[in-house]
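# An overview of the molecular structure
This is what each chain is made of:
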Amino acid sequence: MSSVAEVDRTFSSPPRRPLVAAVVLVVLALVALLGIADVQPPAPRPATIAAGEFSAARAFTHVERLGQEVHVTGSPAADRVREYIVATLRGYGLQPEVQDTVGVNAGKFGSGGMARVRNVVAVLPGTASTGQVVLMAHYDSVQVSYGANDDGAGSSTLLEVARAMTQGGGDKPRNDIVFVFTDAEEACLCGAEAFVSRHPLGQQQSVVLNFEARGSSGPAVMFQTSDGNADLIDVYAHTPHPVGTSLAVEVYRLLSNDTDFTPVLAQTRFTGLNTAYIDGSTVYHSPMDRPSTMNRASLQHHGDEALALAREFGRADLAPLMKPASGDAVYFPFAGLLVRYPAALTWPLAILALLAVAALVFLARRRGLTSVPRTFAGVGLAVVPLIGVAVAAQLLWALLVAVRPGYGELLDPARPTWFRFGVVALSAAILLSWYSLSRRRVGPVPLATGALALLALLGIVFAAVIPGGSYLVTLPALFGALAGIGALYARPAFAQVGILTAGAAVATFILAPTVALFFPALGLATGAAAAMFSMLLGLAVLPVLEPLYRAPTAPRHRRLGSAPAVAALAVAIICTTTGMVVDDWDASHPEPTHLMYALDKDTGRAEWVSLESAPGAWTSQYVRSHQRLNQQFPVLPEGELSVGPAQAADLAAPKATVVSDETASGRRTLHLRIASQRDVRFLSFYGPVGDHRVLSATVEGREAVTYITAQDRFGVVFNGPATSAAGLDVTLVLTGAEPFKLRLVDGSDGLTGLPGFTPRPATVGVFGSHSSELVAVATTQTL
């Protein structure tokens, strides 16, 4: 392929190219900032604001109370949190009730989890109800966390919404508003399961709004919906500051993550929306999740959305909204609005974008600016930076983890901003390097049309695989192609630049907020996602980047040609280095470490255990080899774990007592009492690996799973067993009368006081995990 440098084959050749390039970049930077600002939370409002409005200051008083202490399911601290919620609701004139029952695991991947739950349920009756709106949040925390954000934010939001709707004046809602504060979400989603399966209000058709937090800051993103969400999205669009994308819904459907919304979606009688703020993920499930770490702007956004949705659904005719619409909506934030259109338009728009790009190529070819082979070359070449930036982003994270091993346990650094700028700058450096190396040989127009063609082709792929995310590439390709066609016919050169910039601005408005939202969603640990979205934006704006370089007719100047890429790379290095300096471990942001203690009473052997992939200096004091422990301690994950010898502590093992044992027709029915001999968070029991003899299991009156596929055994993990002083009432029905080995494991929390344990220094913290600080004691009984 010969060089095209001898003639000027570009969409536009304005004079004063450096000045034009600077103006265009400033315009696009401002557009990006406006788009990103549009998805930021609003300023928190003071307690003096009108009674009918949501005030983050008022809600934060609840956060301070709910986040005073660790309040795991079944603990006295959880009782105190629940009592506070009940008293607060009564103070608003409501009549809350406590649903005391047993819930079972309702996650996408059940693990035999069960729990004694105590949900708080209160109803604000409607004036002429057409159905009920359920506002849901969980009030329990994980075993090492104060739960101020997760989910003190959701619970406090519900309390402040209840206050605004009962004491704020104004019209009463037409429909019943049900406030549900669930228990045992962290353990097994058991509170939500118990509500939807065992509470009378949970049997009714409803619109359910769930509120969560997976961090300490950021906008409240509506990230999950029920199927057939078009009508719900129309209502959501009328909230004061909607932040949500149909792409997030598509991605979340593919993930294994669970919230209380999971058991809701499992029932066809519910429709609804799930909202959470997710930035600041280093506090998630950790001891750092305290009121002091909460960004009150995020709480304000949570509350604004909750109150607006409660009022919108509260006044609507719920009959059509409680059923799935005929289809989903495609939606995304754009210039202060929530743009939405029916998913049925996904394919027509994708095809239209492809045709628009084809028209652009045809017209550009007629003008001698490109050829079909060169455009195809541009398509193939455009894949290179897209893949390259994904690899580079992951290599950058690997380098950061190598320099600072504690990052390996995190989704994101504690202070991620500089690193995020670094990834964006790295994306720009890769794009500009690729463009500089390719433009003279292939040509600016073939590269630009090839990039738009790649976006259009991705639009076809997305329409087939993740239709809710197709807009990310389809619309930039469509408007980019239309801008390119307009530039071919416009005169003078500055008008051409203006039209091309307008097309690039559309892509920027769409993709810049996506980049900003995906950084906290997946973190730098999966920085490839945000980096690839950054690169898609770069490919969409290629035509307006051309003035950064000398005209194709000018003599080649290698230093000037490489200057933009070098400058971007320098910015990436500076930002990353600054991030490393700023984000050092300290008492406010300690290095995360994981350690637990496992004692096998049958052998008298104890082990320190860590889930750290590469144990750091502090953890390495305790662990020094690797071992599989999942068969002896089924509550631990499979695979080799970091372990080290520990001194056996004087801890009593759980015990199973046979109440009755009967065999008839080849079936053995065992009635047991299984109890811990110490204060524990959970009590679990398992059959032998590979044993499929358990036909049915009943625990505290609820049917339990009889087989855990991932572990190839029967097993139950019961959370909050301290409420059953006499032990858990368990009935097993087995095939055959042969002896049955039952592996009993209970777990308490806190390593302080164990022989050989030394408290962590201030700069070393606890990793947010369901097994952090766990003390597990196991024994086997043959029945």
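Let me sum up the structure you'll find in this document. Please read these numbers as outputs of a predicted model, since none were measured by experiment. (Residues numbered from 1 in each chain as written. Predicted model: local features only at pLDDT ≥ 70, side-chain atom pairs only at ≥ 80, totals over all residues. Heavy atoms only, no water.)

## Things to note about the state of the cysteines
- In the structure shown here, the tally under the stated rule is one disulfide.
- The partner cysteine of Cys 188 in its disulfide is Cys 190, sulfur to sulfur 1.9 Å. The disulfide joining Cys 188 to Cys 190 has a torsion of about -130° about its S-S bond and is therefore left-handed. Note on accessibility: Cys 188 and Cys 190 belong to one class, buried. (Disulfide = S-S within 2.5 Å. Buried < 20%, exposed > 50% of the residue type's maximum accessible area, 1.4 Å probe, protein only.)

## Let's talk about the environment of Phe 334
- With respect to the helices, strands and loops of the structure, Phe 334 is situated in strand E8 (residues 329–334).
- Residues within four places of Phe 334 in sequence aside, it is in contact with Asp 38, Val 339, Val 506, Phe 509 and Ile 510. (Helix = DSSP H or I, 4+ residues; strand = E, 2+ residues; numbered from the N terminus. Contact = heavy atoms within 4.5 Å.)

## What about the side chain of Asp 600?
- One can find Asp 600 in strand E11 (residues 596–600).
- Residue Asp 600 is classed as buried on the basis of its relative accessible area of 10%.
- Of note is the side chain of Asp 600, whose polar atom sits 2.9 Å from the backbone nitrogen of Asp 602.
- Excluding residues that lie within four positions of it along the chain, Asp 600 makes contacts with Arg 605, Gln 632, Phe 633, Arg 743 and Ala 778. (Polar contact = N/O pair within 3.5 Å; in protein donor to acceptor, adjacent residues only side chain to side chain.)

## Some words on the sheet that holds strand E21 (residues 728–735)
- The strand order across the open sheet formed by five strands is E15-E16-E21-E18-E19, and the pairing between neighbours is antiparallel. Bordering the open sheet on either side are strand E15 (655–664) and strand E19 (702–703), each of which pairs with just one other strand. (Pairing = 2+ DSSP bridges.)

## Quick look at helix H16 (residues 471–489)
- Compared with the 27 Å implied by 1.5 Å per residue over 19 residues, the 27 Å span of H16 between its first and last C-alpha is a close match.
- With respect to burial, H16 is a largely interior element, 15 of its 19 residues being buried. (Expected span 1.5 Å × (residues − 1).)

## With respect to the packing of aromatic side chains
- The final tally for this structure, using the stated rule, is 17 aromatic pairs.
- With 5.6 Å between their ring centres and 75° between their planes, Tyr 407 and Trp 585 make a pair best called edge-to-face. Here Tyr 407 is found in the loop between helix H13 (372–403) and helix H14 (417–442), whereas its partner Trp 585 is found in the loop between helix H20 (558–582) and strand E10 (591–593), with 178 residues between them in sequence.
- Using a relative accessible area of 18% as the deciding quantity, one classes Trp 585 as buried.
- Measuring from centroid to centroid gives 6.2 Å for Trp 618 and Phe 757, while their planes differ by 80°, and the two rings are edge-to-face. Of this pair, Trp 618 sits in the loop between strand E12 (605–610) and strand E13 (625–628) while Phe 757 sits in the loop between strand E22 (741–749) and strand E23 (764–766); the two residues are 139 residues apart in sequence, bridging distant segments of the chain. Each member of the pair Trp 618 and Phe 757 is classed as buried.
- Members of the aromatic cluster, connected to one another through ring pairs, are Tyr 597, Trp 608, Trp 618, Tyr 622 and Phe 757.
- For Arg 367, the ring lying beneath its charged end belongs to Tyr 489, and the centroid distance is 4.8 Å. (Phe/Tyr/Trp six-rings, centres within 6.5 Å; stacked < 30°, edge-to-face > 60°. Lys NZ or Arg CZ within 6 Å of the ring centre and 35° of its normal.)

## Let's talk about the environment of Ala 567
- Tracing the sequence through the fold places Ala 567 in helix H20.
- Classification of Ala 567 by relative accessible area gives partly exposed; the value is 43%.
- Separated by 142 residues in sequence, Ala 567 and Ala 425 have C-alpha atoms that sit 9.1 Å apart.

## Quick look at a nonpolar patch on the surface
- Taken together, the side chains of Trp 418, Phe 421, Val 581 and Val 582 define a hydrophobic patch exposed on the protein surface, amounting to about 400 Å² of accessible area.
- Elements supplying a minimum of two residues to the nonpolar patch: H14 and H20.
- Within the secondary structure, Phe 421 is located in helix H14. (Patch = residues over 30% accessible without salt bridge, like charges linked within 9 Å, V, L, I, M, F, W, Y side chains within 5 Å. Areas by Shrake-Rupley, 256 points an atom, 1.4 Å probe, with all protein chains shown as cover. Salt bridge = Lys/Arg side-chain N within 4 Å of Asp/Glu carboxyl O.)

## Thoughts on the packing of helix H12 (residues 346–366) against helix H15 (residues 444–465)
- Orientation of H12 relative to H15, taken along the N-to-C sense of each, is 165°, at an axis distance of 9 Å. Taken together, the axes of H12 and H15 lie roughly antiparallel to each other. In this structure, the crossing between H12 and H15 has a hand that is left-handed. In contact with Thr 346, Trp 347, Ala 350, Ile 351, Ala 353, Leu 354, Val 357, Leu 360, Val 361 and Ala 364 of H12, H15 contributes Val 445, Thr 449, Leu 452, Ala 453, Ala 456, Leu 457, Gly 459, Ile 460, Ala 463 and Ala 464.
- Partitioning the contact of H12 with H15 into residue classes produces 17 nonpolar, three polar and no charged. (Axes fitted to C-alpha atoms, helices over the stretch in contact; angles between N-to-C directions. Parallel < 35°, antiparallel > 145°, perpendicular 65-115°, else oblique. Left-handed = near helix turned anticlockwise from the far one by under 90°. Nonpolar A, V, L, I, M, F, W, Y, C, P; charged D, E, K, R; others polar.)

## Some details on the environment of Ala 587
- Tracing the backbone shows Ala 587 in the loop between H20 and E10.
- Between the alpha carbons of Ala 587 and Val 442 there is a distance of 54 Å; along the sequence they are 145 residues apart.
- Beyond its immediate chain neighbours, meaning those up to four positions away, Ala 587 contacts Met 288, Ala 762 and Thr 763.

## Some remarks on unusual backbone geometry
- Note that the residue after Asp 150, namely Asp 151, is joined by a cis bond; omega there is 0°.
- Residue position: Asp 151 is located in the loop between strand E3 (132–138) and helix H4 (152–167).
- Residue Pro 492 follows Arg 491 across a cis peptide bond; omega there is 0°.
- Mapping Pro 492 onto the fold places it in the loop between H16 and helix H17 (493–522).
- Here Ala 335, not a glycine, exhibits a phi torsion of approximately 55°, which is positive.
- Tracing the chain through its elements places Ala 335 in the loop between E8 and strand E9 (337–342).
- A relative accessible area of 44% means that Ala 335 is categorised as partly exposed.
- One non-glycine residue, Glu 773, lies in positive phi territory at about 65°.
- Counting through the fold element by element, Glu 773 comes out in the loop between E23 and strand E24 (774–782).
- For Glu 773, a relative accessible area of 11% corresponds to the buried category.

## Points about the nonpolar core
- With 93 residues, the main nonpolar core has Tyr 471, Leu 539 and Leu 542 as its most contacted residues.
- Take this core: its biggest share by element is twelve residues, from H17.
- Once residues within four sequence positions are removed from consideration, Tyr 471 is found in contact with Thr 245, Ser 246, Leu 247, Val 330, Tyr 331, Phe 332, Tyr 341, Pro 476, Ile 510 and Thr 514.
- Grouped together as the second largest cluster of nonpolar side chains are 59 residues, Val 81, Leu 94, Tyr 236 and Ala 329 included. (Core = buried A, V, L, I, M, F, W, Y, C linked by side-chain atoms within 4.5 Å.)

## Some thoughts on the pattern of salt bridges
- Evaluation of the coordinates by the stated rule reveals 27 salt bridges.
- The salt bridge partner of Asp 602 is Arg 743, with a shortest N-O separation of 3.1 Å. Here Arg 743 lies in strand E22 and Asp 602 lies in the loop between E11 and E12, a separation of 141 residues in the sequence.
- For Arg 743, a relative accessible area of 8% gives the class buried.

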